[in-house]
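Each chain is listed here by its residues.
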Amino acid sequence: MRIISKNFIEKEIQNTGFSPDYVSIGANKHKFLNIKIFALRALEANILKQTALSCDCDCAVHRRSIDCKVEKTDCVLSGTISQLIEVSKKLRKQPLTLPDLSDEILNMIINSKKTAKTQIMGILNLTQDSFSDGGEFYNFDKAVRHIEEMIKDGAQIIDAGAESTRPGAKTQEIQKEIEKLLPVVKYVKENHPQILVSIDTRNSKTARETLNAGADIINDVSGLRYDSEMAKTVAEFGAHLVIMHSRSTPEDMDKMCEYKNLVDEVYIELERQYKYAVNEGVRAQNIIIDPGFGLPKNYEQNIELLLRIEEFKSLGARVLAGVSRKRFLQQLSNTQNPKEADNITAFTSAYFASKGIDIVRVHNVAKTAEALRFGNIFTQ
């Protein structure tokens, strides 16, 4: 189950199998809070629709669910907050799995109302081949100067990585990764204990060593798909965990951009990994989800994720958005130089703040901090 952005309600109603001749008319009835419910049995969908209508809400379902000619249907339930609460109450008295659906609807309402003051996660690439600044901070002294600059400019989190995960990047040797990261973790925790340290890694051994040294967050670009011990390691330390949506590995992820329904598939895949992490012992409140801009998505797909970013708040976890200097922003700003995308990255960060997104991951902290002073106004 997830919330649907109002600008995409017509597309989602059409995707349910709703009668094409009435999509535009039906969309006009879905102008408040819109909740998509996946794969409900036809009988349950019919009960849900009648319950919604009895509360002056609406519920779009597959046109053949009324005579049960389809086994299951997605549903788009829409109404004001008070109307949806009434629907939830009535569903408690209904049969089958509908009482459970009642609780999930209430959770969606709660998640839709959450706001956050957006935090800045400053990127520290300790690599020689990252796409925008590879090699610039490979030397420890230069890395320290950059850390100090980012903290001065307003970063609350430093995200350090020693393995490039750009499309086409080769796998790094784990011991070298650890050797580059440990001095940075120790430096930040000794000199700036109030600053959170995030480690951008796919490797549980790297996670273990850096968490032992005082790191606070593990940022797993593979979404826990690369190393089967990662979730258990994070759980053991009680650390925070970023689960990023991705498919395959950096070497071949550019070939994995095929989606039938982009937001559905990204959301469902993230939800699956979120539940897996919780089952492995990671505290739900410690999980941060990242839709994975650029990994692997094409230009149009990245723009759709950008416009629908707030839908990912439906999981109830904090949301991180990392678009800094990404190729689609370079295309949008008509530049081939990643650093020239810093201005549009800052504008995008302000947009994320206006949508209540919890963390933005950026290269240029100063420009982002300036933009967020504007964006955070909308969440106060």
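Residues numbered from 1 in each chain as written. Predicted model: local features only at pLDDT ≥ 70, side-chain atom pairs only at ≥ 80, totals over all residues. Heavy atoms only, no water.

Enquirer: What exactly am I supposed to notice about unusual backbone geometry here?
Expert: A negative phi angle is the norm for most residues apart from glycine, just as the trans form is the norm for most peptide bonds. Phi is positive for R325, which is not a glycine, with a value near 60°. Tracing the backbone through its elements, the reader meets R325 in the loop between β11 (318–321) and α12 (327–332). (Helix = DSSP H or I, 4+ residues; strand = E, 2+ residues; numbered from the N terminus.)

Enquirer: Sorry, what's going on with the packing of aromatic side chains here?
Expert: The relative placement of two aromatic rings is captured by the distance of their centres and the angle of their planes. Summed over all chains, the structure comprises five aromatic pairs. Considering the side-chain rings of F140 and Y187, the 6.5 Å spacing of their centres and the 85° angle between planes classify their relative orientation as edge-to-face. Of the two residues, F140 is situated in helix α6 (residues 140–153) and Y187 in helix α7 (residues 174–191); the sequence distance between them amounts to 47 residues. Here F140 falls in the partly exposed class, since its relative accessible area comes to 36%. Taken together, the ring pairs in this structure connect F293, F328, Y351 and F352 into an aromatic cluster. (Phe/Tyr/Trp six-rings, centres within 6.5 Å; stacked < 30°, edge-to-face > 60°. Buried < 20%, exposed > 50% of the residue type's maximum accessible area, 1.4 Å probe, protein only.)

Enquirer: Looking at this structure, how should I read the side chain of N46?
Expert: Considering the arrangement of structural elements, one finds N46 in helix α3 (residues 42–54). Only 2.9 Å separates the side chain of N46 from the backbone oxygen of S65, close enough to count as a polar contact. Leave out the neighbours within four places in its chain, and N46 touches S65, I66 and C68. (Polar contact = N/O pair within 3.5 Å; in protein donor to acceptor, adjacent residues only side chain to side chain. Contact = heavy atoms within 4.5 Å.)

Enquirer: Would you take a moment to explain the environment of A371 for this structure?
Expert: Structurally, the position occupied by A371 is in helix α14 (residues 365–375). A371 gets classed as buried once you look at its relative accessible area, which sits at 13%. Between the C-alpha atoms of A371 and A350, which are 21 residues apart in sequence, the distance is 5.4 Å. Leave out the neighbours within four places in its chain, and A371 touches A346 and A350.

Enquirer: Sorry if this is basic, but what is going on with the pattern of salt bridges here?
Expert: A side chain with one charge may pair with a side chain of the opposite charge, provided their charged atoms come close. Using the criterion set out here, one finds 24 salt bridges in the structure. Among the ionic pairs, E304 bridges to K11, the shortest N-O distance being 3.1 Å. Of this pair, E304 sits in helix α11 (residues 299–307) while K11 sits in helix α1 (residues 9–15), placing them 293 residues apart in sequence. Under the relative-accessibility criterion, K11 is labelled partly exposed at 37%. (Salt bridge = Lys/Arg side-chain N within 4 Å of Asp/Glu carboxyl O.)

Enquirer: Please clarify how the sheet that holds strand β3 (residues 58–60) should be interpreted in this entry.
Expert: Whether parallel or antiparallel, the strands of a sheet pair through hydrogen bonds between backbone atoms. Taken in spatial order, the four strands make up an open sheet running β1-β2-β4-β3, and their pairing is antiparallel. If you trace the sheet from one side to the other, it starts and ends with β1 (2–4) and β3, each paired once. Averaged over all pairs of adjacent strands, the angle between strand axes in this sheet comes to 35°, irrespective of strand direction. In this sheet, strand β4 (residues 72–79) lies alongside strand β2 (residues 33–41) in antiparallel orientation, the contact comprising seven bridges. Pairing of L33 across the sheet is with G79, part of β4. Across the sheet, helix α4 (residues 81–91) lies against β2 and β4, angled at about 135° from β4, the strand it touches most. Across the sheet, helix α10 (residues 262–279) touches β1, β2 and β4, and the angle it forms with β2 is around 75°. (Pairing = 2+ DSSP bridges. Axes fitted to C-alpha atoms, helices over the stretch in contact; angles between N-to-C directions.)

Enquirer: Would you take a moment to explain the nonpolar core for this structure?
Expert: Among soluble globular proteins, nonpolar side chains are generally buried collectively. L124, F293, F312 and F352 are the most contacted members of the largest nonpolar core, which has 67 residues in total. For this core, the element with the highest residue contribution is α10, accounting for seven residues. Among residues more than four places away in sequence, those in contact with F312 are V263, V266, Y267, L270, I289, P291, L305 and V319. (Core = buried A, V, L, I, M, F, W, Y, C linked by side-chain atoms within 4.5 Å.)

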